[in-house]
Amino acid sequence: MKIALLAVIVLSVMWSSVVFAQNPRMAVFDGLNELRAEAGVAPVVWNGILADVAQARVSNMHRYKYIGHRHWDGEKWISNDTVFKAFGWLTSHTEVALQCSGGSCSPKFALSLWAHSPGHLNAITSTRWTDVGVAKKAGRWVAAFGKK
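Nothing here was measured: the structure is a model prediction, and the numbers come from that model.

Participant: How do you make sense of unusual backbone geometry when you look at a structure like this?
Facilitator: Residues other than glycine predominantly adopt negative phi, and peptide bonds predominantly adopt the trans conformation. Positive phi, close to 45°, is recorded for Ala138, a residue that is not glycine. Relative to the elements of secondary structure, Ala138 occurs in the loop between β3 (131-137) and β4 (140-146). The exposure class assigned to Ala138 is partly exposed, which follows from its relative accessible area of 39%.

Participant: What is the right way to read the confidence of the model for the chain from this model?
Facilitator: For residues with low pLDDT, the predicted coordinates do not support detailed interpretation. Looking at the chain as a whole, the pLDDT averages 75, with 60% of positions reaching at least 70. Note that pLDDT drops below 50 for residues 4-20; the model gives that stretch 1 contact with residues more than four away or on any other chain.

Participant: For this particular structure, what's the right way to read the side chain of Arg36?
Facilitator: Along the chain, Arg36 turns up in helix α2 (residues 24-38). Look at Arg36: it is buried, it has no salt bridge, and the nearest opposite charge is Asp131 at 9.2 Å. Among the polar contacts listed, one links the side chain of Arg36 to the backbone oxygen of Ser126, at a separation of 3.0 Å.

Participant: Mind showing me how you'd approach the packing of α2 against helix α5 (residues 107-115) here?
Facilitator: Axes are the key here: two packed helices are described by the angle between their axes and the distance separating the axes. The contact between α2 and α5 brings their axes to 9 Å, and the two run at 35°. The hand of the α2/α5 crossing is right-handed. Between α2 and α5, the residues in contact are Pro24, Ala27, Val28, Gly31, Leu32 and Leu35 and Pro107, Leu111, Trp114 and Ala115, respectively. Of the residues contributing to the contact of α2 with α5, the split by class is 9 nonpolar, 1 polar and no charged.

Participant: How should I be thinking about the packing of aromatic side chains in this particular structure?
Facilitator: To describe a pair of aromatic rings, you give the distance between the ring centres and the angle between the ring planes. Counted according to the given criterion, the structure contains 1 aromatic pair. Judged by centre distance (5.6 Å) and plane angle (90°), the ring pair of Phe29 and Trp46 falls under edge-to-face. Taken together, the positions of Phe29 in helix α2 and Trp46 in strand β1 (residues 45-46) put the pair 17 residues apart, joining distant regions of the chain. A relative accessible area of 12% places Phe29 in the buried class.

Participant: Sorry, what's going on with α2 here?
Facilitator: Helical geometry: 3.6 residues make up each α-helical turn, so side chains three or four residues apart lie on a common side. Taking 1.5 Å as the rise per residue, α2 with 15 residues should run 21 Å; its terminal C-alpha atoms sit 21 Å apart, in good agreement. All of the buried residues along α2 are Ala27, Val28, Phe29, Gly31, Leu32, Asn33, Leu35 and Arg36. Just downstream of α2, Gly40 is the residue with a positive phi angle, here 75°.

Participant: What is the right way to look at the environment of Arg140 in this model?
Facilitator: Positionally, Arg140 belongs in strand β4. At 3.3 Å, the side chain of Arg140 and the side chain of His62 are in polar contact.

Participant: What exactly am I supposed to notice about the nonpolar core here?
Facilitator: As a rule of thumb, nonpolar side chains are buried together in soluble globular proteins. Leu32, Trp114, Val132 and Phe145 are the most contacted members of the largest nonpolar core, which totals 16 residues. Listed by contribution, the elements that provide at least two residues to this core are α2, α5, β3 and β4. Filtering out sequence-adjacent residues up to four positions away, Val132 remains in contact with Phe29, Leu32, Val44, Val45, Trp46, Asn47, Leu50, Ala143, Ala144 and Phe145. Val53, Ala54, Val58 and Tyr66 belong to the second largest nonpolar core, which has 9 residues in total.

The rules behind these values
- Residues numbered from 1 in each chain as written.
- Predicted model: local features only at pLDDT ≥ 70, side-chain atom pairs only at ≥ 80, totals over all residues.
- Heavy atoms only, no water.
- Helix = DSSP H or I, 4+ residues; strand = E, 2+ residues; numbered from the N terminus.
- Buried < 20%, exposed > 50% of the residue type's maximum accessible area, 1.4 Å probe, protein only.
- pLDDT = per-residue confidence, 0-100.
- Contact = heavy atoms within 4.5 Å.
- Lys, Arg positive; Asp, Glu negative; His and termini not counted.
- Salt bridge = Lys/Arg side-chain N within 4 Å of Asp/Glu carboxyl O.
- Polar contact = N/O pair within 3.5 Å; in protein donor to acceptor, adjacent residues only side chain to side chain.
- Axes fitted to C-alpha atoms, helices over the stretch in contact; angles between N-to-C directions.
- Left-handed = near helix turned anticlockwise from the far one by under 90°.
- Nonpolar A, V, L, I, M, F, W, Y, C, P; charged D, E, K, R; others polar.
- Phe/Tyr/Trp six-rings, centres within 6.5 Å; stacked < 30°, edge-to-face > 60°.
- Expected span 1.5 Å × (residues − 1).
- Core = buried A, V, L, I, M, F, W, Y, C linked by side-chain atoms within 4.5 Å.

Structure (structure tokens):
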């Protein structure tokens, strides 16, 4: 019985490692909650709508080759509720974004960059947020946070 239980535990750990490696968005999601736990803040839950918002944002950044808190044409993305309303998200929101040099950025590296940026870390660990969605495209990551 003990050997069977040990085998199940080992396989579970191995499967978790495989899933972690195969789904970088979930790896970043888990990492965001680890940062929140370190700050003594409740975890956020995955939200598909915010993941769609994050994907729209990161796709836009990739298409127009920019990174930042403003749209490529200078419009403030954070204050632009059009995208959030289009996805049915009508309440408060913010996002954290980054671009890794060379176009390649592992979940661990992305989380490390955010963790060492006081502004991004404050956004990640804010008690205002209950939900998050994460997206990546070509070395750019976006985490869109919101509150139901």
